[in-house]
Amino acid sequence: MIKRRAKGSLQWFLEKDSKTHPIHDNNHLEFHICGQDAFTAIEKDIRAAVSSIDLVLWGFDPGMELVRKGNVWPRGTTYGDLLTAKAREGVKVRLLVFYAHTPFVGWVPGYNIASNLVNNVPDIGSLSGIPWPTLPTELSAPDTVGKSASEVMELRQEYCRSWWRIALRGGFTNLEIRLRKAYPDAIGKNVGKYLPGSVRTLTEAAGMMEIGTHHQKPILIDYAPDKANATKANSCGYVMGLNSVTDYWDTNEHRFNDPLREYSPEGAFWTKPWRLKPYRDYAIRVQGEALYSLNKNFVEGWDNASGYGMANGASIFSSSLEKERKSAHPKDLPVARGARCRAQVLRTFPEKEDATILKAYVLAASNAVNYIYVENQYFQLDGWPRMIKQLREQYCQAMMQAGAKPADIAPLNMFVVIPQPERAEMVPNTYDTINQLGQGRSIGAYDTLVQGRRKGDPKNSGGLIVKDSLKTAPANPRAELEALGIKTVVAMLMTYDAGKEAEHIRIKKRDNDAQEAEAKAKAKAEEKAKAEAKAKAEAEAEAEAEAKNRAKNNTDAEVKKEKDDDLDTGNYSEYNVIPRSYREIYIHSKLMFVDDVYTTLGSANLNARSMAGDSELNICTEEWAFTKAARKRVWGNLAGKDLDGAEGTKKDVETTRSSWLDLMDQNKKNKLAGHPPENNSFIHPFEDPRGEPLVRLA
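Please read all numbers here as calculations on a predicted model, not as lab measurements. (Residues numbered from 1 in each chain as written. Predicted model: local features only at pLDDT ≥ 70, side-chain atom pairs only at ≥ 80, totals over all residues. Heavy atoms only, no water.)

Undergrad: What is the right way to read the overall build of the protein from this model?
TA: Each helix and strand counted, the protein has 18 helices and 21 strands in total. Counting contacts in the protein only where the partners sit at least 6 residues apart, residues at least 24 apart contribute 77% of the total. (Helix = DSSP H or I, 4+ residues; strand = E, 2+ residues; numbered from the N terminus. Contact = heavy atoms within 4.5 Å.)

Undergrad: Please clarify how the pattern of salt bridges should be interpreted in this entry.
TA: Between side chains of opposite charge, pairing is possible as soon as their charged atoms come close. Applying the stated criterion to the full structure yields 46 salt bridges. Here the salt bridges share partners, and the residues they tie into one network are Asp-61, Glu-65, Arg-68, Arg-75, Arg-156 and Glu-262. (Salt bridge = Lys/Arg side-chain N within 4 Å of Asp/Glu carboxyl O.)

Undergrad: Explain the side chain of Thr-430 here, please?
TA: Counting through the fold element by element, Thr-430 comes out in helix H10 (residues 427-435). When neighbours within four sequence positions are excluded, Thr-430 is seen to be in contact with Phe-379, Gln-380, Ile-418, Pro-421, Ile-443 and Phe-686.

Undergrad: Would you mind going over the nonpolar core with me for this structure?
TA: What tends to happen in soluble globular proteins is that the nonpolar side chains get buried as a cluster. Judged by nonpolar contacts, the single largest core of 62 residues is most densely connected at Ile-372, Phe-379, Trp-384, Met-592 and Tyr-598. Looking at which element gives the most residues to this core, the answer is helix H8 (residues 356-367), with 7 residues. Those residues within four positions of Met-592 in sequence are excluded, and the remaining contacts are Tyr-361, Ala-364, Ile-372, Tyr-373, Val-374, Trp-384, Tyr-598, Thr-599 and Thr-600. Of all hydrophobic cores here, the second largest spans 53 residues; its members include Phe-39, Tyr-99, Ile-166 and Leu-179. (Core = buried A, V, L, I, M, F, W, Y, C linked by side-chain atoms within 4.5 Å. Buried < 20%, exposed > 50% of the residue type's maximum accessible area, 1.4 Å probe, protein only.)

Undergrad: I would appreciate a short explanation of the packing of aromatic side chains in the present structure.
TA: This model, assessed by the stated rule, comprises 26 aromatic pairs. For the pair Phe-31 and Phe-626, a centre-to-centre distance of 6.2 Å together with 80° between the ring planes defines the contact as edge-to-face. Separated by 595 residues along the polypeptide, Phe-31 in strand S1 (residues 23-33) and Phe-626 in helix H17 (residues 624-639) bring together distant segments of the chain. Taken individually, Phe-31 and Phe-626 each receive the classification buried, so the pair is uniform in this respect. One aromatic cluster in this structure is built from Phe-31, Tyr-282, Tyr-371, Tyr-373, Phe-415, Phe-593, Phe-626, Trp-635 and Trp-660. Taking the ring centre of Tyr-586 as reference, the NZ or CZ of Lys-277 above it sits at 4.5 Å. It is Arg-583 that lies over the ring of Trp-274; its NZ or CZ is 3.7 Å from the centre. (Phe/Tyr/Trp six-rings, centres within 6.5 Å; stacked < 30°, edge-to-face > 60°. Lys NZ or Arg CZ within 6 Å of the ring centre and 35° of its normal.)

Undergrad: Sorry, what's going on with unusual backbone geometry here?
TA: The general pattern is negative phi for most residues beyond glycine and trans for most peptide bonds. Each neighbour pair has its own omega, and for Trp-73 with Pro-74 the value is -5°, a cis peptide bond. Unlike most non-glycine residues, Asn-26 shows phi in positive territory, near 60°. By the element assignment, Asn-26 lies in strand S1. The partly exposed category is assigned to Asn-26, whose relative accessible area is 36%. Positive phi values are uncommon outside glycine, yet Asp-596 reaches one of about 55°. Residue placement: Asp-596 occurs in the loop between strand S17 (590-594) and strand S18 (598-602).

Written as structure tokens, this is what we have:
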């Protein structure tokens, strides 16, 4: 009797889209965690460039330092100085930047009221869109030794403003900027084609179409160099969620108030400096055939850049970069030693009716049998977990028809790591999505309204937005998930003030609206607790003086314990808030792992805007060794190396999920008690105290 064994593989790539999105062999991929790691690698590659540097940007901050040492700006070579220096060496530098001039988006990305003080991008409208010529100019970051925090911020602002003014007028030799805008009609058509019904209100639709963006962030270095530079070219690229703006620079330690991060304009200048909040994101460095698709995306955008007014766009006089590079084919690209990854570059691009990132998320989730890990800034597409549950139901039915018992079907573990929504208007879509995973109660006030409307409670039924949420909200999501064998964890990330810095800092507001709402709720609860304690003390005083004193002491101790998030009552300036001992790590990530096989990473959030509206770019791979190594690094960094998922077996993943829940619960208790987290971990139960907003935004 002859026995044979075979090993098969699921389809992970979008094979039907391979003509427009080729599946590339022979790639070497490197996974980078957070800004310090990624930007250090990017600076090294830019310095090694000999032919070209092509940047696709949602925002660009010429004052940010990619590599940092010291506590005061500039802590290293600024991005602006780095690029102009390479341009002077003869390397062609191109920046393709999204720009929209509307009442809502009158800025180059990254520039808004909150970032005025660092001025990482200018209001191009002030330049009237006229390409006034500027003679070749040199500019470098100023010396700030001995300057105060406010003086440093002013010098940084002026440097950034000057850099943009010169660059937009062609004043830096060999450096060119082109601007491009989004097209509302194309966005509306693409959303209607791929996600019909996902946009529920007129405000959502208007916001998505009129504030549509080009949200891509890839970098391409030394693509198709000339013969003179071919042998020394540093051909590589990056696909990432990181913006080239100082806010996104952080270490994977996510220190509470890291001096390597920029000054926050919310901090008082007379106290210990308050730094920008911790940020989390990733990048993948690419070598090999996949650079072909990164180049295709770049030249298409470059050759069709709309510009602004008469300036900074492609014109009939511009040479075609696509034609210049058409002779370079995937097989001609240099292959790094040890390259083993197959990869596919995916996009959302409304002008081309492209939604391959959405298709990839659907396909990868449909293949999952062990775990799905999602770390995403905007987890706001409730149709995606609904689809997963439908597929899981079909899978369970097929297994039982084949003779399996429910206990024989291994669970599907879903790990979701998200931030508190940055705007209250994003709470409803976040709620709708995590409620599909049985976690709606973590947005307590909003969930109370949804459940109140379900029960017909006139006092807790909310308005039209809550009514919309109820339409898709399962009656008993946890029982539904239990029946399907889907086990979930939804976490947020927080860092602790280990150095006891908060008591020496005063700020005028907290990092986001959710924390402001939580502080108000906490203050209200404290007032109620104090009133109740006082009443109890007075009642006991009538019976026994000793009980009265004991009650008073307990009351004083309780108030003192909660004081760390109170207002500085003796401070009458606007900077009268004492920071909490825990600070949220803002998740800007767009990462997914599936079953230690599949990875996708890039600029796309898990919401309708990124999946069909804004232009986005991701890369995906089915290389198990790459995915497993990246997963262990990510999970170990968030929860501790003992909770990194080990070998990724079904037992390992199930044990890890259960341990994460235990750790998150303990960290919540530690936070309430003012104690540090367990083992320097970051994971906490996701919570948001906000209720129904006035409008819903995608």
